[in-house]
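# Structural description and commentary
So you can see what is in the structure, the chains are spelled out below.
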Amino acid sequence: MRLHTSIASLGALLLPFASAQSPGGTGSSNVSSSLGPDDNGFYWIYSEGLTAAFIPYGASIAKLLIHDKYGVERDIVAGFDNATAYSLDPAHPHLGGVPGRYANRIQNSTFEIDGETYHVNANENPTPEAPDGADTLHGGHDGWDYRNFTVVSHANDSITFSIVDSDGEQGFPGEVISYITYTLHDTTWDFKMVAIATTKKTPIMLSSHTYWNLDGFANNETNTALNHTFYLPYSGQRVGVDNILIPTGDIVANKQGSVNDFWSAPKQIGTDLQKAEAEGNCGFNCTGYDTCWIVNRGQEGPYDWRAEGGFVARLQSAWSGIQVDVYTDQEAFQMYSCNGQNATMPLKTSQGLHDDADFPRTIPQYGCVVMEVEDWIDAINHPEWQRESKQVFGPGGDPYVLQASYVFSINDTATS
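Okay, so let's go over this structure. Every value quoted in this text rests on a predicted model; they were computed, and no experiment measured them.

Procedures and definitions
Residues numbered from 1 in each chain as written. Predicted model: local features only at pLDDT ≥ 70, side-chain atom pairs only at ≥ 80, totals over all residues. Heavy atoms only, no water. Pairing = 2+ DSSP bridges. Helix = DSSP H or I, 4+ residues; strand = E, 2+ residues; numbered from the N terminus. Axes fitted to C-alpha atoms, helices over the stretch in contact; angles between N-to-C directions. Disulfide = S-S within 2.5 Å. Buried < 20%, exposed > 50% of the residue type's maximum accessible area, 1.4 Å probe, protein only. 1 Å grid on protein atoms, 1.4 Å probe; cavity = no way out; pocket = protein on both sides within 12 Å on 5 of 7 lines; lining within 4 Å. Points joined across faces, edges and corners; volume = space filled by probe spheres on them. Nonpolar A, V, L, I, M, F, W, Y, C, P; charged D, E, K, R; others polar. Polar contact = N/O pair within 3.5 Å; in protein donor to acceptor, adjacent residues only side chain to side chain. Contact = heavy atoms within 4.5 Å. Core = buried A, V, L, I, M, F, W, Y, C linked by side-chain atoms within 4.5 Å. Salt bridge = Lys/Arg side-chain N within 4 Å of Asp/Glu carboxyl O. Phe/Tyr/Trp six-rings, centres within 6.5 Å; stacked < 30°, edge-to-face > 60°. Lys NZ or Arg CZ within 6 Å of the ring centre and 35° of its normal.

## Some words on the sheet that holds strand β14 (residues 210–212)
The strands that make up a sheet are held in pairs by hydrogen bonds between backbone atoms, and each pair lies either parallel or antiparallel. Within the open sheet, the six strands sit side by side as β14-β25-β22-β19-β16-β17. Their pairing is antiparallel. For this open sheet the edge positions go to β14 and β17 (247–253), each flanked by a neighbour on one side alone. Taking the axes of each pair of neighbouring strands and ignoring which way they run, one obtains an average angle of 30° across the sheet.

What follows is the structure in C-alpha cells.
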C-alpha cells in the first residue's frame, strides 16, 4: 500500500510541470502512442527550436540539437552514437545522466542521521588504507547513472523515467522511488526530478550531469570550451574544499577579480587560468574548475525562480552564437571545466570537424563544460549549514524536488 501511495503522490507532483509556464514559453501535449526507441536506442522529443534524444541508462540525455547563428544544426552535448555504448564505456564519465541517490561527494563515505552512522559505497580517491576510495562520488560504484531507468511516459515533447532504489543499495538507508521528467518547448529544455523516501529517512540530492560544448565541438579556431563565456550573477561565495574536493565546512568569498569571480561580470572560462591562483583550484595538481558556487538570491527578497531574467547561470559561445540561461529552484551550482578529459572520449558522428588533422575527433582537456544544478554539496556532513530539510527525507514527509529550465537563444557578443 505504501508503494502505491508513493507512486500516486509522485505522479500528482509531476503532472502540473509539463504544462506549467517556465521561462521562454509554455508547454504542449503532443502525445503519440507510436513513440519508442530508434535503432540506436534513443528516445526522441521535439519542440520548435530543439530536438533531444534520451536513453534509459542513467535517464541520460544523449543528443541536444539546435541551430547556431548561421543556421547550422549543432549537437551540443557529449555522448555516444548508440545507447549500448554508455554501459560499456569503462571510464564512465557520468555522461548526461542523473547521479544519485546523492550527487557529488560524501566525505569518508559516511554520514549520520538521528544518531546512526551509515557507511556507503566508496568509489573515489583510493588509498592504501581505503583501497576502494576515500570518499563517495555520485552515489557509489552503482549509482543511479549506472542503472537502467524505466520509461513510464513518452510523448512528442516529453519523456518520464522512473527508478526504484532499494533499501541498502550502495549502503543508503531506505527505499527511494524517483521520477525524472524532461520536456521541450520553444527553445527551452525543462526537467523535473522528484524522489520520495518510502521506508526510512535518507539523504537525497540529484542533478543533471551533462557535458556541454556550445560549438558542437566544431569550432575551427579551438577544440576547447575555454572560449565559452560563463556568468553566475548570484554567486559571490563558494563551498571551500580540500585537495580532493571534499568540503571543509568553510563558505569562501569569491573576491571581485579573482579566479572564481563569475558574479561581477561575465568572462570566458579560460580567462584566469594562467593566474597562479588557478593552480590547485580544482584539487591537487589541477588547474581549472570543479567548483560549487552558492546561489544567493534570497538577499533580494522573495523570488520566483521561473521569472524572466532570473537565471542563476549563463553559458555562451560567441563563435556559434548559442547561449543557454539556466533557471532553477536549487541553491548551489557546480561547474566542471573538463580538466580530466584527455582526448580518449570520442565525438559523435553528429559533432566535430571531419578530415582535419589539427582537430582530432576526441574531447581534449577543457573541451567541454559540465553544469550541475543542485544543493550545497556534502551538506549531510555539515549540520552547521542547516540544510537538513533540503537533503534528508523520510516517509510521510515532503518529497525531494528539483526543477530547472535551460533557455536557449542566439547571442554572438564576444567577451574576454
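Continuing now.
## Here's the deal with the state of the cysteines
Applying the stated criterion across every chain, the model contains two disulfides. Disulfide pairing places Cys 338 opposite Cys 368 at an S-S distance of 2.1 Å. Across the S-S bond of Cys 338 and Cys 368 the torsion is about -110°, and the bridge reads as left-handed. Note that Cys 338 is positioned in the loop between β22 (332–336) and β23 (345–346) and Cys 368 in the loop between β24 (362–363) and β25 (369–374), a separation of 30 residues in sequence. Classification of Cys 368 by relative accessible area gives buried; the value is 1%.

## Considerations on the sheet that holds strand β2 (residues 51–55)
The strand order across the open sheet formed by four strands is β1-β2-β3-β4, and the pairing between neighbours is antiparallel. Both edges of this open sheet fall to β1 (43–46) and β4 (73–75), since each of them pairs with a single strand only. Each adjacent strand pair in this sheet contributes to an overall mean axis angle of 20°, direction not counted. Sheet topology note: the β2/strand β3 (residues 60–67) ladder contains five bridges and is antiparallel. By the bridge assignment for β3, Ala 53 is matched with Lys 63.

## A short note on empty space enclosed by the protein
A full pass over the atoms with the stated rule returns two cavities of 30 Å³ or more. In this model, the largest cavity occupies a volume close to 120 Å³. Along the walls of the largest cavity sit 16 residues, with Phe 217, Ala 218, Asn 223, Leu 347 and Pro 360 positioned nearest its centre. Within the lining of the largest cavity, the residues separate by chemical class into seven nonpolar, seven polar and two charged. By volume, the second largest cavity is sized at about 60 Å³. Along the walls of the second largest cavity sit Tyr 57, Ser 60, Phe 80, Tyr 86, Asp 89, His 92, Pro 93, His 94, Leu 95 and Asp 145, which together make up its complete lining. Grouping the constituent residues of the lining of the second largest cavity by class yields five nonpolar, three polar and two charged.

## Notes on the side chain of Thr 202
For Thr 202, the position within the fold is in strand β13 (residues 202–203). Assessed through its relative accessible area of 0%, Thr 202 is described here as buried. In this structure the side chain of Thr 202 is engaged in a polar contact, spanning 2.9 Å, whose partner is the side chain of Arg 101. What Thr 202 contacts, discounting residues up to four positions off in sequence, is Arg 101, Ile 113, Phe 172, Pro 173, Val 176, Ala 197, Gln 391, Val 392 and Phe 393.

## Digging into the nonpolar core
The biggest cluster of nonpolar side chains holds 60 residues, and the ones touching the most others in it are Tyr 182, Trp 212, Phe 230, Tyr 406 and Phe 408. When sequence neighbours within four positions are dropped, the list of residues in contact with Phe 230 reads Phe 262, Pro 266, Lys 267, Ile 269, Trp 293, Ala 313, Arg 314, Leu 315, Phe 333, Met 335 and Met 371. Among the nonpolar cores identified, the runner-up in size contains 21 residues, and Ala 53, Leu 95, Phe 217 and Met 345 belong to it.

## Digging into the layout of surface pockets
The calculated volume of the largest pocket comes to roughly 730 Å³. The wall of the largest pocket is formed by 34 residues, among which Pro 93, Leu 137, Tyr 211, Tyr 336 and Gly 340 lie closest to the centre.

## Things to note about the pattern of salt bridges
The tally for this structure, following the rule as stated, stands at 19 salt bridges. Of the charged contacts in the structure, one is a salt bridge between Arg 74 and Asp 68, with a shortest N-O distance of 2.9 Å. In this structure, Asp 75 engages Lys 348 in a salt bridge whose closest nitrogen and oxygen atoms are separated by 2.9 Å. You can see Asp 75 sitting in strand β4 and its partner Lys 348 sitting in the loop between β23 and β24, a full 273 residues away along the chain. You'll find Asp 75 and Lys 348 in the same group, each marked buried.

## What to know about the packing of aromatic side chains
Counting across every chain of the model gives 26 aromatic pairs. Seen from their ring centres, Phe 80 and Tyr 86 are 5.1 Å apart, and the 85° between their planes marks the pair as edge-to-face. For the residue pair Phe 80 and Tyr 86, the accessibility class agrees, reading buried in each case. Considering the side-chain rings of Phe 191 and Tyr 406, the 5.4 Å spacing of their centres and the 40° angle between planes classify their relative orientation as tilted. Taken together, the positions of Phe 191 in strand β12 (residues 188–197) and Tyr 406 in strand β27 (residues 400–410) put the pair 215 residues apart, joining distant regions of the chain. In terms of burial, Phe 191 and Tyr 406 fall into one category: buried. Pairwise contacts between aromatic rings join Phe 54, Phe 161, Tyr 182, Trp 189, Phe 191, Trp 212, Tyr 406 and Phe 408 into one cluster. The ring centre of Phe 262 lies 4.7 Å from the NZ or CZ of Lys 267, which sits over that ring.

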